[in-house]
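Summary of the model geometry
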Amino acid sequence: MKKFSCMALLFSLLLITACSSESGKGQSFKEAHDAFETKLIREESDQNPVPEPPAGVFDLVYYDSEVGKLAAYVSSDPGENEKRPMMIWVTGGWGNGLDEIAWSYPDWENDQTASAFREAGILMMYPSFRGGSGNPGNYETLFGEVNDIVSAYEYAASLPYVDPDRIYLGGHSTGGTRALLASEYTDQFRAVFSFGPVDDVSYHNASEFTFDTENKEEYRLRSPIHWLSDIKSPTFVIEGSAGNASNLKEIERQSKNENLQCFIVEDADHFSVLAPVTRLFAQKVIKDTGVEPDISLTEKELQTAMKQVPEKIYPLMKTYRNEMFGFGMEIPAIWEVFDESEDEADIMFASAYEGDNFWEASLLFSYVYEAESAVAFSEFIQYLNSEGDQYEGSEIDINGQKAFSAECLTYSSGISFYSKVIGIQKNGKFYEFWFDTPEEFWEDASIIFEQVIESITLK
């Protein structure tokens, strides 16, 4: 009897131990996630400033979360009497803050802006997360950020101009992983679009991990592969064959969930799928107006989307006004203003980034100075060519004001630049606007330059 009792006790202990080692098994992702308290071995956050969004396009808002108010960019109220669908877009990278990606120029080979949805008339929300951009809390590396996405949904659903039944979620790379985890956590989103996620967080760069890496449960609750059966919203996982395709294949191999569809796009990489496929999804979202979600995707549709000719989409514009010197104009929203002089209008407008593209390689300089007598067009051209350049131009009209326009191909440090100069005289002042861009970008840059020129106003 004693031997039997000891064996029974040992069996009970083994059973308890086994059950303990399987802690969380059988729970849904939401249940396991909510019951677990992550242990952060590093408390990291940032105080990076939040750039001011272009007025009338996005509003800077703060949405409630379990750690406090978090910053986000949200489409401005269109002022209509109908509610519109909204896309909550989670950008890639480990950063938890906000930057200018919401209104950056969409690069066809790497369009992380999700601008296709905005261009289609879909409202946008770009949330930041705990620890980023001066937000309360700390980076939790794919854990608490999932809760923040749910909080972002709740904020979006409360907006009077948003259709709460047509709120979608999308993301790329780390943002794609966050979106996939959110789809496993909640069924509130009408559909989810995850581009290039990982199946297991252990594949990520461990130097970014702020959690206790000795605890396997920390990994499990950050890895979508363990919770695929919990997905209830239509969820689409997309990746290029030259991207994280092995991760996607593993997701597809393990999933038996009909709500989850995986697509590997041949001859594409982690980035090139974004521009064509977001445009495809944008059109599907616009047509998804029924009571129940009605979004599907086929390989043929993907192949057709990847073959489309890159669209000519130009950057959002914002209004710049200089009250001291009495002029204003529309400039690309991604450009910043660099004042080079305190007492003269000697100002440079440019992107703070250094990409190999026209919107970041182009510059605008403005100069304002006193002109005691009228400047003739011939004098203006002579002045421009005084350094040996060969400007050619003509007189033009800008908002009812006579102006001079001249163009020239110049060379500097072995690079050819296309330069366009506008001169306007009014009320004893002469205004010069110099546009410069590498020759290879002139075709696209000239269209933006014309938008700026046509918007120039003088007091």
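Model, not experiment: these values are computed from the prediction. (Residues numbered from 1 in each chain as written. Predicted model: local features only at pLDDT ≥ 70, side-chain atom pairs only at ≥ 80, totals over all residues. Heavy atoms only, no water.)

A word on the overall build of the chain
Counting its secondary structure elements, the chain contains twelve helices and 18 strands. The principal-axis extent of the C-alpha atoms belonging to the chain is close to 115 × 50 × 45 Å. Residues classed as buried in the chain amount to 53% of the 459 residues present. Residue pairs at least 24 apart in sequence account for 67% of intrachain contacts in the chain once pairs closer than 6 positions are excluded. Accessible surface, the chain as shown: approximately 21,800 Å² in total, 49% of it carbon and sulfur. Where the 34 positive side-chain charges of the chain centre and where its 78 negative ones centre are 11 Å apart. (Helix = DSSP H or I, 4+ residues; strand = E, 2+ residues; numbered from the N terminus. Buried < 20%, exposed > 50% of the residue type's maximum accessible area, 1.4 Å probe, protein only. Contact = heavy atoms within 4.5 Å. Areas by Shrake-Rupley, 256 points an atom, 1.4 Å probe, with all protein chains shown as cover. Lys, Arg positive; Asp, Glu negative; His and termini not counted. Charge placed at Lys NZ, Arg CZ, Asp CG, Glu CD.)

Thoughts on the pairing of strand β16 (residues 415-426)
As judged from the ten bridges shared by strand β15 (residues 401-412) and β16, these two strands associate in the antiparallel manner. Its bridge partner lying in β16, E407 is registered against K420. Where β15 hands over to β16, the hairpin turn is made up of two residues, of which S413 adopts a positive phi near 55°. Two elements, β16 and strand β17 (residues 429-438), share ten bridges in a ladder whose sense is antiparallel. Across the sheet, residue G423 finds its bridge partner in β17, namely E432. Between β16 and β17, which pair antiparallel and follow one another directly, the connecting turn spans two residues, one of which, N427, has a positive phi of 50°. (Pairing = 2+ DSSP bridges.)

Some details on the packing of helix α8 (residues 274-287) against helix α9 (residues 299-306)
Orientation of α8 relative to α9, taken along the N-to-C sense of each, is 125°, at an axis distance of 8 Å. One element, α8, and the other, α9, form an angle in the oblique class. Considering the relative orientation of α8 and α9, their crossing is right-handed. On α9, the residues touching P276, V277, L280 and K284 of α8 are E301, L302, A305 and M306. In terms of residue class, the contact of α8 with α9 is made up of six nonpolar, no polar and two charged. (Axes fitted to C-alpha atoms, helices over the stretch in contact; angles between N-to-C directions. Parallel < 35°, antiparallel > 145°, perpendicular 65-115°, else oblique. Left-handed = near helix turned anticlockwise from the far one by under 90°. Nonpolar A, V, L, I, M, F, W, Y, C, P; charged D, E, K, R; others polar.)

Some thoughts on the sheet that holds strand β8 (residues 260-265)
Adjacent strands of a sheet form backbone hydrogen bonds with each other and so pair up, either parallel or antiparallel. Read across the sheet, eight strands follow the order β1-β2-β4-β3-β5-β6-β7-β8 without closing on themselves; strand pairing throughout is mixed. Both edges of this open sheet fall to β1 (58-65) and β8, since each of them pairs with a single strand only. Ignoring which end each strand starts from, the neighbouring axes of this sheet average 25° apart. Where strand β2 (residues 68-75) and strand β4 (residues 123-127) come together, three bridges link them in antiparallel fashion. Bridge pairing links A72 to P127 in β4. Running over the sheet, helix α7 (residues 245-254) touches β7 (235-240) and β8 and is turned about 150° from β8.

Focus: the side chain of R190
With respect to the helices, strands and loops of the structure, R190 is situated in the loop between α5 (174-185) and β6 (192-195). A distance of 3.0 Å separates a polar side-chain atom of R190 from the backbone oxygen of E292. Contacts of R190, omitting those with residues within four sequence positions, involve D165, R166, I167, Y168, S233, P234, D288, T289, G290, V291, E292 and P293. (Polar contact = N/O pair within 3.5 Å; in protein donor to acceptor, adjacent residues only side chain to side chain.)

A closer look at the confidence of the model for the chain
The predicted model of the chain has a mean per-residue pLDDT of 91, with 93% of residues at 70 or higher. Long-range and interchain partners of residues 1-24, a stretch whose pLDDT sits below 50, account for three contacts in this model, where long-range means more than four residues apart. (pLDDT = per-residue confidence, 0-100.)

A look at unusual backbone geometry
With a phi close to 50°, T141 is a non-glycine residue in the positive phi region. Mapped onto the secondary structure, T141 falls in the loop between β4 and α4 (144-158). In this structure T141 comes out as buried when scored by relative accessible area, which is 2%. With a phi close to 55°, S413 is a non-glycine residue in the positive phi region. Its location among the elements puts S413 in the loop between β15 and β16. Classification of S413 as exposed rests on a relative accessible area of 74%.

Things to note about the nonpolar core
The biggest cluster of nonpolar side chains holds 37 residues, and the ones touching the most others in it are W89, F117, F193, F195, I238 and F281. Counting residues per element, this core draws most heavily on α8, which supplies six residues. Listed in part, the 33 residues of the second largest apolar core include Y105, M317, I422 and W442. (Core = buried A, V, L, I, M, F, W, Y, C linked by side-chain atoms within 4.5 Å.)

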